[in-house]
Amino acid sequence: MHLLILAILIPFFAAALIPFLYRRIGKLNIGWFVLIVPLALFIILAMRIPDISAGDTIAATLEWIPSLGINFSIYLDGLSLILALLITGMGSLVILYSIYYLSPYDSLPHFYAYLLLFMGAMLGVVLSDNLLVLYVFWELTSISSFLLIAFWFHRKNSRYGAQKSLLITVFGGFGMLAGFIMLHTMTDTFSVREIAASISQYTDHALFYPAMFLVLLGAFTKSAQFPFHIWLPDAMEAPTPVSAYLHSATMVKAGIYLVARFTPIFGGTSAWFWTVTLVGLVTLFWGSFCAVRQTDLKALLAYSTISQLGLIMSLFGMGSAALYFGDGSDGALYGLATFAALFHLVNHSTFKGALFMVVGIVDHQVGTRDIRRLGGLISFLPITFTFAMIGSFSMAGLPFFNGFLSKEMFFTASLNSASLPIFSAGTWGWLIPVIAWTASVLTFVYCMIIVFRTFLGQPQLKKLDKKPVEPPIGMLISPAILSLLIVGIFFAPNLLGDHLLRPALGGVLPGMAGAAPHITAWHGFQPELWMTLGIIVIGGILYATLRYWKKVYSLIPDTWTFNNLYNRFLAGLENNSNTLTSFYMTGYLPHYFAYIFTFFVLVAGGTLVFTGALSIDFSNDAPVKPYEFLLVLVMMIAAVAILFVRSRLTSILLNGVLGFSIAILFVLFRAPDLALTQLVIETVTTVLFLLCFYFLPELKKDRIPRNAKIRNAAIAIAGGTTVVLIALSVHSGKLFESISSYFENSYELAGGKNIVNAILGDFRGFDTMLESLVLFIAGIGVYTLIRIKSGKEPKKNEDK
Amino acid sequence: MIQIILTIALSLFCLAILLALYRIIIGPSMPDRVVALDMIGVNLISGVAVFSVVLHTHAFLEVILIVGILAFISTLALARFVERGDIVEHKRNN
Amino acid sequence: MSIREIIEFAGALLILIGSVMAVISAIGILRLPDVYTRSHAATKSSTLAVLLSLTGTFIYFWASEDFISVRLLLGITFVFLTAPVAGHLITRAAYRSNVKLSESSTEDALKDVIARPQNPDNKSGDS
Amino acid sequence: MKINDVILKTVSKAAVLIIFTFGIYLFLSGHNEPGGGFIGGLVLASAFVLLFLSHDSETISDAIPLDFKKISALGVLIAFASSTVPMFFGQPFMSQSFGYFDLPIFGKTELATVTVFEAGVALTVIGVVVNIIFSISEDE
Amino acid sequence: MMNNIILLPMLLPILVGVVLIFLRAYGRIQAWFSIGVMAVSSGIAFYLLEQVQANGILRLDFGGWEPPFGILFVADSFSLLLVLTTTIVATIILLYALFSAGRFLQTTYFYPTILFLIAGVNGSFLTGDLFNLFVCFEVMLLSSYVLLTLGGNKRQLREAIKYVVINIVSSWFFLVALAYLYGAVGTLNMAHVSVRVAEAGQGPLLTTVSIIFLIVFSLKAGLLLYFWLPGSYSAPPAVTSALFGALLTKVGIYALFRVFSLIFYHQPEITHTIIGAMAAITLVGGSLGAIAFNDIRKIAAYNVVIAVGFILVGLAVSTPNAIEGAIYYLIHDMVIKALLFLLVGTIIALTGTAMLNKMSGLMKNYPMLGWSFFITMLSLAGVPPLSGFIGKVLVSEGAVESGAYGLLTLALLSSLFVLYSLLRIFKNSFWGETIVSKEDQVPLKKMLLVPCLMLVLLTVGLGLGTELISGYVTDAAETLLNPDIYIDAVMGGGES
Amino acid sequence: METLIILLVGVLTAVAIYLVLSKSLIRVILGTAIFSHAVHLLILSMGGLKKGTVPLLGEEAESYVDALPQALILTAIVISFAVTAFILVLAFRAYQELGTDDLEEMRGVNDE
């Protein structure tokens, strides 16, 4: 088995081992053992960097369902590698952090098992080449996220958040699955690479655009893009390490990864460009806009994550234009956006991870994350403050932090896109930089809030649960590493760019790895610089005047938020489905029969009439004798009379008359055996009826409304008519002679002169045998019904 | 000739059944109806017998006896029901 | 016409008479005033009718095919054995379940012998 | 309330006898004439019905101390087991065979395995019908 | 006559069942006998499945009468896969019964009736004769009536009446359909009917007749006409409802597949369109029903409805992928519905209520149960890599191929509803504050979890090990799509 | 003759449908009994009526009526008997437990 496949599987095995391991190790924190896994994987993956940056790719396959073309095909290229490193790297840091963060009262084995499950699933997502396997891991990430959000499942909010995230991401997942299936239908392969290679033949296929939008649906829900972003803030009910890991650094990037991965397939089209870009920009703006008003630090970070994800998404959208141009200089120009996207992807993980950890520390040390209760913590948590500042400033796009670099590139890309000569960008293109800039101003504002509202100002110790002190050193290691990275990347961006981003770019825009720019912090007085300066100035003003313009938020009615929409949708769904289901599932048998027979009349009768099957022909009829006519008359009268009698005994008598008359009809139609059986059965049935009547009440007048009676009569007559018409048509249009002439040799074949009996006992003896079994079961049933009553035997809890 | 007679006879039996059916439907009392049913049974016996003559077959002779037996049993059961409601007694009463 | 045919014809005639009897008794069951009298029509004349037709059938088969049907004889016996009992049971049931005698009846001979249940909503007394 | 049933009981004894004979006749003649296992069984069962009607369930259960559930089970078992026999002789399930034998008294007689099968069916029918009626009438 | 063995999955349960009648007093012995015979039957079914792969379709002519004159059993991969699943699932359910049922059920002909039910189910899968199918249905139905009423509490009796009467009417429809079919083509052997229908070219009249068959089997399968289902599946004890949920509707589905792929496949633009519409409405109705109630038994029952709709999407679409997917899903559904109902029954037994809003926090006290339920939930929603996944993918693919986007959307959305409906159970009953303290909790018999875990393993195994059965499923789908294979095996002279 | 019988079947069916649509359980059961009468006649008439003599080879006729439907009906009769017996007992047990034979009162949708 290839090492990479093993790399995916190791976390799963480790997760399975945890329950056993946990019992053995006694007091030692299980996290230390778990930490080994991502560290080892990180090292394994890191060792591939030289190969990958040299342009190599690695592929391996483990068979799952080869007959359907579904296999664990692993494909490692630059794009996968960068995410795989993020997953394992962040994973190591988060696990290290969580060892100190979680309380020993929490169920650690569960936590780490879920975390490992997630890690394996996420690695699977980024390494799979097979669409369906990718989907498998995709859903696994949703599930592990679900479990982690609900880690403290006794809290109502946790359950709520978990359900929301699962419903939304799985909904998107199903859409994505449909998209994948469409891709498979078009191209007849599940391999992403093969699809990408052959997609040019299918761009005119009717399924091309549906598939694109469905895949995007999956990506958008997972990456919390507008309007599916609503699950992410509620996902913050998860323990903070989880938020840092899944809900900012890795899992939410899966959607972005998907967009990147599918850019070679769908990119280069106008629909892809605009959808991805616009959804990204809207998310960017909306996320930052909402973030400003938050009072819970984690919620603020959640919205900021949404916003940043939107940013990356829009960059991938803009970058996809490069595919339209191919590898010319124009291509390189727009490919820059993609490069920026990849760059920001990494940067975001570093600074957002650090910020989450900081918030976790604050929460852990102080007991609250509410900005209104915080302030002035700088004197108690100076180290933490440093990390918070580094992270925030990076996110705000200030110089000396990696965020500045990618933000600048973002502006470049948006300006480039505004003047894009294709996709009718000329008309609406100006929107792109405008939205980008506005959102960035808001981003600046909330970044300032994080730092200054928490750490500066007057300490409000009375409002806090604990006296704040610096956390144990172990909790500071991870944010420290991340902060170092933030600064490190700013000063040596090309180390990252050349070794990781460039090959990744080749993964997103095939053949354009060479277009990767050399990252520089200083481009001269370009528009980008003015934009950044503008952000700082306007953002600073807005921050200072926040108190005054915050009223804007109250203008948005609560009832119209997407969150509210989601809640009302679910509640409405439950209520309405209850109303609707109770409306037709009345539990009232006659209703059900009315449905059934109406359906019969409509569908069977309808088919009969509309297909022109109706044909009636009397020539095939046997002649009618007067006494036969009289007998039939007797039966009809008896049958109709049953409807009108009020006494049950009379109806039984009439039923008996019917039964006896049918026996005589059997005689008339030369069926002695039938006549005999019918007679005896009829009598025994009558006796049974009488026996049971002793226990049953007298018939009451059917107190049903007049319209119901008319409706019933209509259904009855229509049903009878349908039966008659089909029977007449069948009789008139006999297609074949019966096989039964064969049975007329019964004497030679079965040694019996009674053909019917030979059929019953020999030719179709099996029917007879089973029929006796049926009779026997009925006998048992009658016995158990009468003799075994729930009251008489000791009740057991099972038969509720 | 014989066939015509037999057809007439059969029709008459059926007519008798029809008349008895009328009595079953109108009642008025339960025993009236039982009496009528009993009569239908008896007429059926005759009918089957005549019909076997019509068809020249012995195949239905069993049916005659069976109808006789069963008409008796059902009349008995019905009479019991009218009389007591409970057609099979649980305990012996002598 | 051979003797055989004459006998066959006689059988058919018996059947015809039987059928006429059946109709007459059916008319009786319609026209007679109460259940007790109607049961006469049902048991007596009907039994006669069935006897006639069964005998006719028996004769017919005997004549035409030399076939002596034990089953027919058994049937005749059975009907004769059970028809009176059936009639008896019904009338008794009628009496016990409080079915009124016709207005034209002159005497209720059993009035003092059998205590008729006085409960009018007897379970079986449905009409 | 005591009901004098002498006539009924006497007549029904005779009737039951006739029905029994007739039932067995029907069962045996089913191969060539109308009848057979089902009908025979049903007619025999109706004899029991008559007994129940004319007497009472306690008398009958005392007179015939059989568990009719088990009789019907036995019937099913016979029907199924007899059909499996051919399987042991390499024949398909349910293969029936018949032959003609010269027996001392009866002359040329047909013997058929299907009779065993039909006997099973008949037993089932009797057992079930009697069991049902018995169960209901025993219910309080 | 090696082929006699085809009969055994039906014959053995019957024989043992009848023998158990005589062993009424010995509950344990009955249980072990039943489990044993089911295990043996599943072994036989597997052996037969292998035989079919090697030698083609097997058939057994009862009494040696050549088709179409006698009755016969035909074992193709489709039938045998279902028989195999049935027997395996039944074995496990019986194990649960062994551990759960007290003397009460054990001495009330409970086991024999279950065996008869399974015999009826297996017979329905195997028979090659339409009238015999009716009789096998009746064996199954009668047993289900008895099982449904066993114990006879009010709710059971009330629901049983509806169930029985509706089924009587559906059996009536079956006979009507048979009468018409016999009147039109004069034969009952499925293969022979197929030959004759093909010869006559399935005119409008035969299409009309096929619609009546559609109604019949829809009633049995719960396709659109599922009114009887939620009530009756939620009334009886866990073991019975598990059997019902796993097996009963599947027989109807099987019959639909058989009849509309073997016999009436000439006018799909009418028949299959109607099936598609019915499946669509079923999906909607089932989905809404599944989230409408707080009674977890009802939620489970409506999940059965959804699955029926989903599988029938496969038939409506009838591309090779779709049929294959439907077969996968059918097998999956038998396993998972058994599991679902067992778990629901266990939850009710533990909490003493079936209402969602009255339970909470079971996870703390019964973690294994909780995880089993969690996996069941995912598997039912078709989340990979569990057993529901591959069927869902293939059916969806079939829908895409034939352009049935409406059905595709409904099918996928219904999975979401499945997920949500079960999530409600999971969220409310397993999560949340534990309201019962450790001391007060009803002890859960450890052994009860064993059958549940076996089914969990099965659903995981079927998902991961899809390749193991894919050969059989492909063969089954191929036979369904090429009626000639079946017809040749039955009518193609010579003794097999 | 077939037409006549088919019409009879239609009448019986209509009556039976009307009966099962009523809310008294006894009527519903009666309806099911009539359903089975109707379908037996339908099967018989679909096989063709009176096209020959009694299917007993002892009769030595030219042709016999179609024996197969007769065998099928026989099976169907017995099965419907079994079912009728069961539902009857079920009905009275339900009456004992629930105290009603009114289907309206057997809805039971709002219970636990």
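Residues numbered from 1 in each chain as written. Chains lettered and ligands numbered in written order. Predicted model: local features only at pLDDT ≥ 70, side-chain atom pairs only at ≥ 80, totals over all residues. Heavy atoms only, no water.

A closer look at the overall build of chain F
Right, on to step 1. A count of helices and strands for chain F gives 3 helices and 0 strands.
Right, on to step 2. Start at the N end of chain F and walk to the C end: the helices and strands fall as α-α-α.
Right, on to step 3. Taken over the C-alpha trace, chain F has a radius of gyration of 19 Å; the compact-globule value for 112 residues is 13 Å, which it surpasses by more than 25%.
Right, on to step 4. Across its three principal axes, chain F shows a C-alpha extent of roughly 65 × 25 × 20 Å. (Helix = DSSP H or I, 4+ residues; strand = E, 2+ residues; numbered from the N terminus. Rg over C-alpha atoms; globule rule 2.2 N^0.38 Å.)

Let's talk about the packing of helix 6 (residues 131-149) of chain A against helix 17 (residues 388-401) of chain E
When two helices pack together, their arrangement is captured by the angle between the axes and the distance separating the axes.
Right, on to step 1. At a minimum axis separation of 13 Å, helix 6 of chain A and helix 17 of chain E run at an interaxial angle of 130°. Our classification of the angle between helix 6 of chain A and helix 17 of chain E gives oblique. Helix-helix and strand crossings are classified by hand; for helix 6 of chain A and helix 17 of chain E the assignment is right-handed. Every residue of helix 17 of chain E that contacts helix 6 of chain A at Leu132, Tyr135 and Val136 of chain A is listed here: Phe389, Lys392 and Val393 of chain E.
Right, on to step 2. Partitioned by chemical class, the residues of the contact of helix 6 of chain A with helix 17 of chain E number 5 nonpolar, no polar and 1 charged. (Axes fitted to C-alpha atoms, helices over the stretch in contact; angles between N-to-C directions. Parallel < 35°, antiparallel > 145°, perpendicular 65-115°, else oblique. Left-handed = near helix turned anticlockwise from the far one by under 90°. Contact = heavy atoms within 4.5 Å. Nonpolar A, V, L, I, M, F, W, Y, C, P; charged D, E, K, R; others polar.)

Points about the pattern of salt bridges
Residue and element names in this part refer to chain F.
Right, on to step 1. Enumeration according to the criterion identifies 29 salt bridges over all chains in this entry.
Right, on to step 2. As a salt-bridge pair, aspartate 102 and lysine 23 come within 3.9 Å of each other at their nearest N and O atoms. You can see aspartate 102 sitting in the segment after helix 3 (67-98) and its partner lysine 23 sitting in the loop between helix 1 (2-20) and helix 2 (25-46), a full 79 residues away along the chain.
Right, on to step 3. The class of aspartate 102 is buried, set by a relative accessible area of 8%. (Salt bridge = Lys/Arg side-chain N within 4 Å of Asp/Glu carboxyl O. Buried < 20%, exposed > 50% of the residue type's maximum accessible area, 1.4 Å probe, protein only.)

Remarks on the pairing of strand 2 (residues 70-76) of chain A
Residues and elements named next belong to chain A.
Right, on to step 1. Counting buried residues in strand 2 gives 7 out of 7 residues, a clear majority hidden from the surface.
Right, on to step 2. On strand 2, burial covers both faces: Ile70, Phe72, Ile74 and Leu76 on one face and Asn71, Ser73 and Tyr75 on the other are all buried.
Right, on to step 3. Of the strand pairs in this sheet, strand 1 (residues 58-65) and strand 2 are connected by 7 bridges, and their pairing is antiparallel. Note on strand 2: the bridge partner recorded for leucine 62 is phenylalanine 72.
Right, on to step 4. Between strand 1 and the antiparallel strand that follows it, strand 2, lie 4 residues; glycine 69 among them carries a positive phi value of about 75°. (Pairing = 2+ DSSP bridges.)

Remarks on the packing of aromatic side chains
Right, on to step 1. Per the stated rule, a full pass over the model turns up 98 aromatic pairs over all chains.
Right, on to step 2. Look at phenylalanine 490 of chain A and phenylalanine 491 of chain A: their rings are 5.0 Å apart centre to centre, the planes differ by 85°, and that puts the pair in the edge-to-face class.
Right, on to step 3. By relative accessible area, phenylalanine 490 of chain A is classed as buried at 9%.
Right, on to step 4. Taken together, the ring pairs in this structure connect Tyr114, Phe146 and Phe153 of chain A together with Trp371, Phe373, Phe374, Phe426, Phe430 and Trp431 of chain E into an aromatic cluster.
Right, on to step 5. One residue, arginine 24 of chain E, lies across the ring of tyrosine 109 of chain E, its end atom 5.1 Å from the ring centre.
Right, on to step 6. Directly above the aromatic system of phenylalanine 293 of chain E lies the positively charged group of lysine 298 of chain E, at a separation of 4.7 Å from the ring centroid. (Phe/Tyr/Trp six-rings, centres within 6.5 Å; stacked < 30°, edge-to-face > 60°. Lys NZ or Arg CZ within 6 Å of the ring centre and 35° of its normal.)

Here we look at helix 3 of chain F
Because an α-helix completes one turn every 3.6 residues, residues spaced three or four positions apart along the sequence face the same direction.
Residue and element names in this part refer to chain F.
Right, on to step 1. Helix length check: helix 3, at 32 residues, gives a terminal C-alpha distance of 46 Å against a target of 46 Å (1.5 Å per residue), a fit within 8%.
Right, on to step 2. Of all 32 residues in helix 3, 28 are buried; the element is thus mostly enclosed.
Right, on to step 3. Near the N-terminus of helix 3, the side chain that reaches the backbone nitrogen of leucine 68, with its oxygen 3.2 Å away, is that of aspartate 66.
Right, on to step 4. At the C-terminal side of helix 3, glycine 99 shows a positive phi close to 75°. (Expected span 1.5 Å × (residues − 1). Polar contact = N/O pair within 3.5 Å; in protein donor to acceptor, adjacent residues only side chain to side chain.)

Focus on the UniProt feature "transmembrane region" (unreviewed entry) in chain F
All names here are of chain F.
Right, on to step 1. Taken from the UniProt record, the annotation "transmembrane region" (unreviewed entry) applies to residues 6-21, 28-47 and 67-92.
Right, on to step 2. End C-alpha atoms of residues 6-21 are separated by 22 Å, and the span's content is 94% helix alongside 0% strand.
Right, on to step 3. Structurally, residues 67-92 comprises 100% helix and 0% strand, and the distance from its first C-alpha atom to its last is 38 Å. (UniProt positions renumbered as here; feature names shortened; annotations may be inferred.)

Comments concerning the UniProt feature "transmembrane region" (unreviewed entry) in chain C
Residue and element names in this part refer to chain C.
Right, on to step 1. Following the UniProt record, one finds the feature "transmembrane region" (unreviewed entry) at residues 6-30, 42-62 and 68-90.
Right, on to step 2. This span, residues 6-30, is 100% helix and 0% strand, and a straight line between its end C-alpha atoms measures 36 Å.
Right, on to step 3. End-to-end, the C-alpha atoms of residues 68-90 are 34 Å apart, and along that stretch the chain is 91% helix and 0% strand.

A word on the interface of chain E and chain A
Right, on to step 1. Contacts between chain E and chain A engage 129 residues on the former and 103 residues on the latter.
Right, on to step 2. Taken over both partners, the interface formed by chain E and chain A buries close to 10300 Å², and the fraction arising from carbon and sulfur atoms is 76%.
Right, on to step 3. Ranking the residues of chain E by area buried against chain A places Trp65, Phe69 and Phe227 of chain E at the top, with a combined share of 8%.
Right, on to step 4. Put simply, chain E and chain A have 2 salt bridges between them.
Right, on to step 5. Counting the contacts that link chain E with chain A gives 22 residue pairs in polar contact (both at pLDDT 80 or more).
Right, on to step 6. Considering each element in turn, the side of chain E that touches chain A owes the most residues, 14 residues, to helix 18 (residues 405-430) of chain E.
Right, on to step 7. When the residues that make up the side of chain E that touches chain A are grouped by side-chain class, the tally is 89 nonpolar, 25 polar and 15 charged. (Buried area = accessible area lost by both parts, 1.4 Å probe.)

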